[in-house]
Amino acid sequence: MIQRDTQTQILLEVCVDNLTSAQAALGAGADRLELCSALSEGGLTPTPGFVQTLRDTTTADLVCMLRPRGGSFTIHREELGQLMVDLNALRKAGANGFVFGALLPSGELDLPSLECVIQAAAPLPVTFHRAFDQLKNPKAALQELMRVGCRRLLSSGMAETAYRGRHTLHEWMESVGDGLELIAAGSVRHGNLEPLLRISGLHAVHVGASVTHDAGAYGADRMCDAEEVGLCRRILDDFGTRG
């Protein structure tokens, strides 16, 4: 069993792709928001307008996805230039950090692209997203992330869900120490949250809870499930207090 300090605050990060969802997540207790567009594509770069409008209403941490398109996590040279323009615009709009991931076709980290983004973002933190869970050698990649100055990592521990990868996440946490903030991500819900934390020992989780709302003849909208976020918040607070 993992031993934790009492009164540990467990950070709740919620992924959203629209203003209504962002406000709902904050109202339900989110500490940090990952802002995207097109979550149906796995999350793409949000617009500066989205970030600026939200920044005008909250002091919460807002981290912005940097991903130019759906599909693979290979970044082409011209796309990297596009991301630099996006990064600067999002910083001016009020971003507190960025979420990025790039892989080589060989299944290894694209370190040149990652270093470029980290240097451009400085001093704001960069999170490597769940592209990490596709790597061939994750243990070596953890050391590389720390070497180049990546501050956070979203991961399910190479498993289908963070709950299933909880033992691996714990091993990684012990390996990186304070050098990298590990954030459990991948189908995190209130029903698996406590056992996930008890085994992994992590102090941050990433939730992408959403529900479908019927928009009539024009289709359906995916919005933040504020009830689920609120349930997660209460479990996290209770878990941290009990130590």
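Nothing here was measured: the structure is a model prediction, and the numbers come from that model.

Here is what the cut-offs are and how they apply
One numbering rule holds for all chains: residues counted from 1, following each sequence as written. With the structure being a predicted model, the display of local features is reserved for residues of pLDDT at least 70 and the display and counting of side-chain atom pairs for 80 or more, all residues being used for whole-chain, interface and lining totals. For side-chain calculations, the full set of non-hydrogen atoms in the structure is used, while hydrogens and water are omitted. Put simply, DSSP marks the helices as runs of H or I at least four residues long and the strands as runs of E at least two long, and each gets a number from the N terminus on. Only protein chains enter the calculation, and the probe is 1.4 Å; a residue is then buried if its accessible area is under 20% of its type maximum, exposed if over 50%, and partly exposed in between. We define a polar contact as two N or O atoms separated by no more than 3.5 Å, with the added condition that, inside protein, one atom must be a possible hydrogen donor and the other a possible acceptor, whereas residues neighbouring each other in sequence contribute only through side-chain atom pairs. By definition in these notes, contact holds between two residues if any of their heavy atoms fall within 4.5 Å. Every axis in this analysis is a line fitted to C-alpha atoms, fitted for helices over the stretch in contact. Angles between the N-to-C directions lie between 0 and 180 degrees. Should the near helix be turned counterclockwise from the far one by less than a right angle, the crossing is left-handed, whereas a clockwise turn marks it as right-handed. Note that Gly is not counted as nonpolar here; it falls among the polar residues with everything else outside the nonpolar set of Ala, Val, Leu, Ile, Met, Phe, Trp, Tyr, Cys and Pro and the charged set of Asp, Glu, Lys and Arg. What makes two strands pair is DSSP finding at least two bridges between them. Crossover handedness is defined here as right-handed if the route from the first strand over the helix to the second strand goes clockwise, with the strands pointing away from the viewer. Pairing of aromatic side chains here covers Phe, Tyr and the six-membered ring of Trp, requires ring centres within 6.5 Å, and sorts the geometry by plane angle: under 30 degrees stacked, over 60 edge-to-face, intermediate tilted. Grid points spaced at 1 Å and placed over the protein atoms alone form the basis of the search, with a cavity being a set where a 1.4 Å probe fits but cannot get out and a pocket an open set showing protein on both sides within 12 Å along at least five of seven lines. Lining residues have an atom within 4 Å of a point. Grid points are joined across faces, edges and corners, and a volume is the space filled by probe spheres set on the points.

A.B. asks: I'm lost on the side chain of Asn-18 in this one. Help?
C.D. replies: By the secondary structure assignment, Asn-18 is in the loop between strand 1 (11-16) and helix 1 (19-27). On the accessibility criterion, Asn-18 (16% relative accessible area) is buried. One polar contact links Asn-18 to Asp-17, side chain to side chain, over a distance of 2.9 Å. Looking at Asn-18, its side chain comes within polar contact range of the main-chain nitrogen of Thr-20, at 3.3 Å. Those residues within four positions of Asn-18 in sequence are excluded, and the remaining contacts are Phe-50, Arg-222 and Met-223.

A.B. asks: What exactly am I supposed to notice about the packing of helix 6 (residues 166-176) against helix 7 (residues 190-200) here?
C.D. replies: When two helices pack together, you describe them by how their axes are tilted relative to each other and by the distance separating the axes. At their nearest, the axes of helix 6 and helix 7 sit 8 Å apart, and the two run at 35° to each other. Considering how the two elements wind past one another, helix 6 and helix 7 form a crossing that is right-handed. Taking contact as the criterion, the partners of Arg-166, His-167, Leu-169, His-170 and Met-173 in helix 6 are, on helix 7, Pro-195, Leu-196, Ile-199 and Ser-200. Class assignment of the residues belonging to the contact of helix 6 with helix 7 gives a composition of five nonpolar, three polar and one charged.

A.B. asks: What is the right way to look at the pairing of strand 1 in this model?
C.D. replies: Taken residue by residue, a regular strand's side chains alternate between the two faces of the sheet. A large share of strand 1 lies buried, amounting to five of its six residues. By the bridge criterion, four bridges tie strand 1 to strand 8 (residues 204-207) in an arrangement that is parallel. Within strand 8, the position partnered with Glu-13 by the bridge is His-206. Each parallel crossover has a hand, and for strand 1 linked through helix 1 to strand 2 (residues 32-35) it is right-handed.

A.B. asks: What should I look at first to understand the packing of aromatic side chains in this one?
C.D. replies: Centre-to-centre distance and the angle between the planes together describe a pair of aromatic rings. Tallied over the full model, the rule gives two aromatic pairs. For the ring pair Phe-128 and Phe-132, a centre distance of 6.3 Å and an interplane angle of 80° mean the geometry is edge-to-face. This pair shows no difference in class: Phe-128 is buried, exactly as Phe-132 is. Measuring from ring centre to ring centre gives 5.5 Å for Phe-132 and Trp-172, while their planes differ by 80°; the resulting arrangement is edge-to-face. You can see Phe-132 sitting in the loop between strand 5 (126-128) and helix 5 (138-148) and its partner Trp-172 sitting in helix 6, a full 40 residues away along the chain. By relative accessible area, Phe-132 is classed as buried at 0%. An aromatic cluster is defined as three or more aromatic residues linked by ring pairs; in this entry it consists of Phe-128, Phe-132 and Trp-172.

A.B. asks: Is there a simple way to explain unusual backbone geometry in this structure?
C.D. replies: Apart from glycine, the bulk of residues carry a negative phi angle, and the bulk of peptide bonds sit in the trans form. Note that the residue after Ala-122, namely Pro-123, is joined by a cis bond; omega there is 5°. Within the element layout of this structure, Pro-123 appears in the loop between helix 4 (111-121) and strand 5. The phi angle at Ala-38 is positive, at roughly 50°, despite the residue not being glycine. Checked against the element boundaries, Ala-38 lands in the loop between strand 2 and helix 2 (48-55).

A.B. asks: Looking at this structure, I do not really get the layout of surface pockets. What am I missing?
C.D. replies: If you add up the space inside the largest pocket, you get close to 480 Å³. Along its surface, the largest pocket is lined by 17 residues, and Cys-15, Leu-39, Gly-42, Arg-130 and His-206 are the ones closest to its centre. The class makeup of the residues in the lining of the largest pocket is seven nonpolar, six polar and four charged. Reported here for the second largest pocket is a volume of approximately 250 Å³. Considering the residues around the second largest pocket, the lining is formed by 13 residues, among which Gly-177, Leu-180, Glu-181, Leu-182 and His-203 are closest to the centre. Residue assignment for the lining of the second largest pocket shows that the elements contributing at least two residues are helix 6 and strand 7 (181-185). Residue composition of the lining of the second largest pocket, by class: seven nonpolar, four polar and two charged.

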